[in-house]
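Structural features, examined
Listed below, chain by chain, are the residues.
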2 protein chains.
Amino acid sequence: MALWKSVGNGTLEGISRVADLDAAKLTITLSKTLKPIPPRHTWTFGTIMTDHMVIAEFDPEIGWSSPEIKPRDSLKIDPASSCIQYGTTVFEGMKAYIDPNGKPRLFRPDMNMARFARSAERMALPPFNTDQVLALIKQLIIVDHRWIPQFTDYSLYIRPTLMGTRLGLGVAASDHATLCIFLSPTGPYFPSDESSKVKAKPISVLAESNVVRAWPGGTGGHKVALNYSAGFLPLRTAQKEGYEQILWLLGEERRVTEAGAMNVFVVVGRDDEGVDLFTPPLDGTILPGVTRDSVLDLAHAYMAGETSLPGTLPLIHARERIFTVADLQRWSAEGKLLEAFGAGTAVIIASIGKIGFHDQGELKNIVLPAHENGIGPIADAFRTRILDIQEGKEEWKIWSVPVFEA
Amino acid sequence: MALWKSVGNGTLEGISRVADLDAAKLTITLSKTLKPIPPRHTWTFGTIMTDHMVIAEFDPEIGWSSPEIKPRDSLKIDPASSCIQYGTTVFEGMKAYIDPNGKPRLFRPDMNMARFARSAERMALPPFNTDQVLALIKQLIIVDHRWIPQFTDYSLYIRPTLMGTRLGLGVAASDHATLCIFLSPTGPYFPSDESSKVKAKPISVLAESNVVRAWPGGTGGHKVALNYSAGFLPLRTAQKEGYEQILWLLGEERRVTEAGAMNVFVVVGRDDEGVDLFTPPLDGTILPGVTRDSVLDLAHAYMAGETSLPGTLPLIHARERIFTVADLQRWSAEGKLLEAFGAGTAVIIASIGKIGFHDQGELKNIVLPAHENGIGPIADAFRTRILDIQEGKEEWKIWSVPVFEA
């Protein structure tokens, strides 16, 4: 149960009436010196930060403070704060792109905002008007627009973060919070050799049987900080064994849930014409990814004849269904496992080339068919199409949203 | 797999040879003004902080910095730090007590230090020599010794915290970390009415069937930040329904795992003489609590005739075993459920008076037998005995450790 609810009129209603987040109250303090933009080959994901950030603070007595855009800096955080001691952070991952007219665009920001609000509620953090968060994001992009990369496959990653800042060690919800939005210019999450013809180097994933990412009754369906760190140790072990990411499993039947920090899709050949495109259903253990949803939507529209997809493709029967490591093995043995890929904001679409798994103590691999440019035709079609929509080269529904209102 | 290992000679050996944590390198900068110690009725758990803190920082190129004791303050933390974005904090909870000779003492600190190291490893954080952490804790207590309360049931709570400080949004382990140790004077976690004869007001707990605290393959057996925040929302709901804490369950059979942030014990009458004392086994979903271990150890010693316990007690058959909500119902219906209590550093022993649970949508309660002073004879015996050991009034093994070496 939430203590307050954003009612859209500038107030949060609930146990008391306090101020809602209000982008109209924004104050902007520009940095006196702007950083040079480093060459793009140095842009390891999420390490280069732009000049400014948005800050707003929630106090249970008064509500949300007037938001500020100010020079990006460290925050002063008490070591006894809720976000440090008990992991009460929620966040979003979004990207801004430059369209062919040189204007910045966002991709389906409404989905991120809705998920951001759900995540905050799940962590018992204060609510906020999501339209105001989006307005603040747009303002920050305008201030730091020189950081939006102009080349394809590069974008400005956006990280809205809400952290619990209650000072106190009692094990209870945080009634104080800080909203911090910052930006990071970014290229491909898994960089390819620039000199090669390979568009996107396929990644290898190791199916993890001991550590479980999420569980029924857990927080796997929300974008919360605590979903990630438990996977760092097995990820390091997997990388030592030569794999780039983990394929997360659930239960004794070894259901496939996610791949690294991405949703996962597999393309399985049908006996008749066409292919199946499977991704696990949103049962609370799977993050409801925006890219995941976009792939499913485009696949359904393609089958309904409402849109085309690039390339010469078969019929694609997209469906959310549970599948297991044993299913992958069987499909692979039958020659039906045509493609596998991850989908997420950071990676867009990442081709999976190899799936390692342990079979009675022995490490085995499912090797996916190789493709000249590193990615199978179906994954490539979704990747190209989504990127074209994101970069404003193609219109689809109202997914691509200009940052400037007109 | 850990990248380095503390080998006890001042270095961490591993992928490189870097400096281990070294208390001999400690520098101390005292606060110019000392805070007044607020009256003890204002000491809500973990909200009043002492004057100083320990800080040491880990850099993968050089290892651990020279530790510092300095005035307690906020930390400068980048919002893109691992501990904020991905919840890479581990911590410990310990207490310092004043013995009858006026000397500060710690309770079984070796157990906390071993668990602290295991938690750090589980979160893929850098390792450290635990003897050095303990030496730093003792130094900090000496500096802030005026804050150790002199009255029974009050103590100086110690919170060693290790947080991942890698700057970067890539989903991977933090190779930078900050160790921060700070102190907070504390009284009873669940305060009683001071004017009443009740020693310890029994708490009520609500069995939670929808949200799961920990699961097989998760981190429930480690003391990590991320174990706590997912419980804040159901805790708020439970408190709205009149319960103080949650009784965490696991699986369709509704196994009892923990109570709030405590381990849980039940006392069940036997048909023959004596009682059973049950607590769930350490299967990876249960925190290996120091107080939990102390209760089991004292119970076994009592049965072996190696020690006595205060009061006139029956034979106590202590055993780790799985039990469910249905078991509690059955024992209660048969009149055998004599006591239930939580055990943890913050609460020591907290008597449980009522256990709520949902039975086909209906909220029912298991009401435990009432006791004049608020706590049953067996819980009270362990509480008194453990507190006496903690406060240095009774010796048992080498559990109580003086802060001054002699």
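None of these values were measured; they are calculated from a predicted model. (Residues numbered from 1 in each chain as written. Chains lettered and ligands numbered in written order. Predicted model: local features only at pLDDT ≥ 70, side-chain atom pairs only at ≥ 80, totals over all residues. Heavy atoms only, no water.)

Focus on the overall build of chain A
When its secondary structure is counted, chain A shows 7 helices and 23 strands. In summary, chain A has a C-alpha radius of gyration of 22 Å against a globular reference of 22 Å for 406 residues, a match within 12%. Projected onto its principal axes, the C-alpha coordinates of chain A cover approximately 65 × 50 × 40 Å. Within chain A, buried positions represent 60% of all 406 residues. Put simply, chain A shows about 15600 Å² of open surface, and 51% of that area lies on carbon and sulfur atoms. (Helix = DSSP H or I, 4+ residues; strand = E, 2+ residues; numbered from the N terminus. Rg over C-alpha atoms; globule rule 2.2 N^0.38 Å. Buried < 20%, exposed > 50% of the residue type's maximum accessible area, 1.4 Å probe, protein only. Areas by Shrake-Rupley, 256 points an atom, 1.4 Å probe, with all protein chains shown as cover.)

With respect to the interface of chain A and chain B
Between chain A and chain B, the contact holds 66 residues from the first and 64 residues from the second. When chain A packs against chain B, the two sides together hide about 5600 Å² of surface, and 63% of this comes from carbon and sulfur. If you sort the residues of chain A by the area they bury against chain B, A:Met1, A:Phe232 and A:Arg236 come out on top, with a joint share of 14%. Here A:Asp78 and B:Arg72 are joined by a salt bridge, their closest N and O atoms 2.8 Å apart. Counting across the chain A and chain B interface gives 25 residue pairs in polar contact (both at pLDDT 80 or more). Ranked by residue count, the leading element in the side of chain A that touches chain B is helix α4 (residues 232-240) of chain A, at 7 residues. Considered class by class, the residues forming the side of chain A that touches chain B number 39 nonpolar, 17 polar and 10 charged. Bridge count between strand β8 (residues 75-77) of chain A and strand β8 (residues 75-77) of chain B: 3 bridges; the pairing is antiparallel. Its bridge partner being in β8(B), A:Lys76 is matched across the sheet by B:Lys76. (Contact = heavy atoms within 4.5 Å. Buried area = accessible area lost by both parts, 1.4 Å probe. Salt bridge = Lys/Arg side-chain N within 4 Å of Asp/Glu carboxyl O. Polar contact = N/O pair within 3.5 Å; in protein donor to acceptor, adjacent residues only side chain to side chain. Nonpolar A, V, L, I, M, F, W, Y, C, P; charged D, E, K, R; others polar. Pairing = 2+ DSSP bridges.)

Some remarks on the pattern of salt bridges
Tallying each qualifying case throughout the model produces 44 salt bridges over all chains. A:Arg255 is paired through a salt bridge with A:Asp283; the nearest N and O atoms lie 2.6 Å apart. Linking A:Arg255 in strand β16 (residues 255-259) with A:Asp283 in the loop between β18 (275-279) and α5 (290-303), this pair joins segments that are 28 residues apart in sequence. A:Asp283 sits in the partly exposed class, given a relative accessible area of 36%. With a closest N to O distance of 2.9 Å, B:Arg108 and B:Asp293 form a salt bridge. One end of the pair, B:Arg108, is in the loop between β11 (104-107) and α2 (109-122); the other, B:Asp293, is in helix α5 (residues 290-303), with 185 residues separating them in the sequence. Counted as one network, the salt bridges with shared partners bring together A:Asp99, A:Arg105 and A:Glu395.

Section: the relation of the copies chain A and chain B
The transformation that overlays chain A on chain B combines an axial shift of 0.0 Å with a rotation of 180°, and the residual RMSD is 0.0 Å. As the rotation angle and translation indicate, the two copies are arranged about a two-fold axis. (Least-squares fit on C-alpha atoms with pLDDT ≥ 70 in both.)

Observations regarding the pairing of strand β17 (residues 263-269) of chain B
Residue and element names in this part refer to chain B. Within β17, 7 of the 7 residues are buried, leaving the element largely enclosed by the surrounding structure. Across the two faces of β17 the burial is the same, with Asn263, Phe265, Val267 and Gly269 and Val264, Val266 and Val268 all buried. Strand direction decides the pairing type here: β17 and strand β20 (residues 337-344), joined by 6 bridges, are antiparallel. Counted as the bridge partner of Phe265 is Phe341 from β20. When β17 meets strand β18 (residues 275-279), the two strands line up antiparallel, connected through 4 bridges.

With respect to the UniProt feature "modified residue: N6-(pyridoxal phosphate)lysine" (unreviewed entry) in chain A
Residues and elements named next belong to chain A. When the UniProt feature table is mapped to this numbering, "modified residue: N6-(pyridoxal phosphate)lysine" (unreviewed entry) covers Lys223. Examined against the element boundaries, Lys223 turns out to sit in the loop between β14 (203-208) and α4. If we ignore the near neighbours within four places in the chain, the residues touching Lys223 are Val90, Phe91, Glu92, Gly93, Arg115, Ser119, Tyr228 and Leu287. (UniProt positions renumbered as here; feature names shortened; annotations may be inferred.)

Things to note about the nonpolar core
A general tendency of soluble globular proteins is for nonpolar side chains to be buried together. Among the nonpolar cores identified, the biggest contains 99 residues, and A:Leu328, B:Leu247 and B:Leu328 are the most heavily contacted of them. Other than its neighbours up to four places away in sequence, A:Leu328 contacts A:Leu247, A:Val256, A:Val266, A:Phe323, A:Leu337, A:Ile355 and A:Ile366. (Core = buried A, V, L, I, M, F, W, Y, C linked by side-chain atoms within 4.5 Å.)

Focus: the domain arrangement of chain A
Residue and element names in this part refer to chain A. Here the domain parsing of chain A yields domain 1 (5-187) and domain 2 (203-390). The centre of domain 1, based on its C-alpha atoms, is set 29 Å off from the matching centre of domain 2. Taken residue by residue, the interface counts 23 residues in domain 1 and 22 residues in domain 2. Taken over both partners, the interface formed by domain 1 and domain 2 buries close to 2000 Å², and the fraction arising from carbon and sulfur atoms is 61%. Looking only at domain 1, the three residues that lose the most surface to domain 2 are Phe91, Phe107 and Arg115, adding up to 29% of its buried area. (Domains from an automatic or database assignment.)

Digging into the packing of α5(A) against helix α7 (residues 377-390) of chain A
Residues and elements named next belong to chain A. Contact pair α5 / α7: the axes reach a minimum separation of 11 Å and the direction vectors enclose 110°. When the axis of α5 is compared with that of α7, the two are roughly perpendicular. Between α5 and α7, the residues in contact are Thr291, Ser294, Val295, Leu298 and Ala299 and Phe382, Arg385, Ile386 and Ile389, respectively. The residue inventory of the contact of α5 with α7, partitioned by class, reads 6 nonpolar, 2 polar and 1 charged. (Axes fitted to C-alpha atoms, helices over the stretch in contact; angles between N-to-C directions. Parallel < 35°, antiparallel > 145°, perpendicular 65-115°, else oblique.)

Here's the deal with the packing of α2(B) against helix α3 (residues 130-143) of chain B
Geometrically, a packed helix pair is captured by the angle between its two axes and the distance between the axes. Residues and elements named next belong to chain B. Between α2 and α3, whose axes approach to 9 Å, the crossing angle comes to 125°. Comparing the axis directions of α2 and α3 gives the class oblique. By crossing handedness, the relation of α2 to α3 is classed as right-handed. Seen from α2, the contacting residues are Pro109, Met113, Phe116 and Ala117; seen from α3, they are Thr130, Val133, Leu134 and Ile137. Of the residues belonging to the contact of α2 with α3, the class tally is 7 nonpolar, 1 polar and no charged. (Left-handed = near helix turned anticlockwise from the far one by under 90°.)

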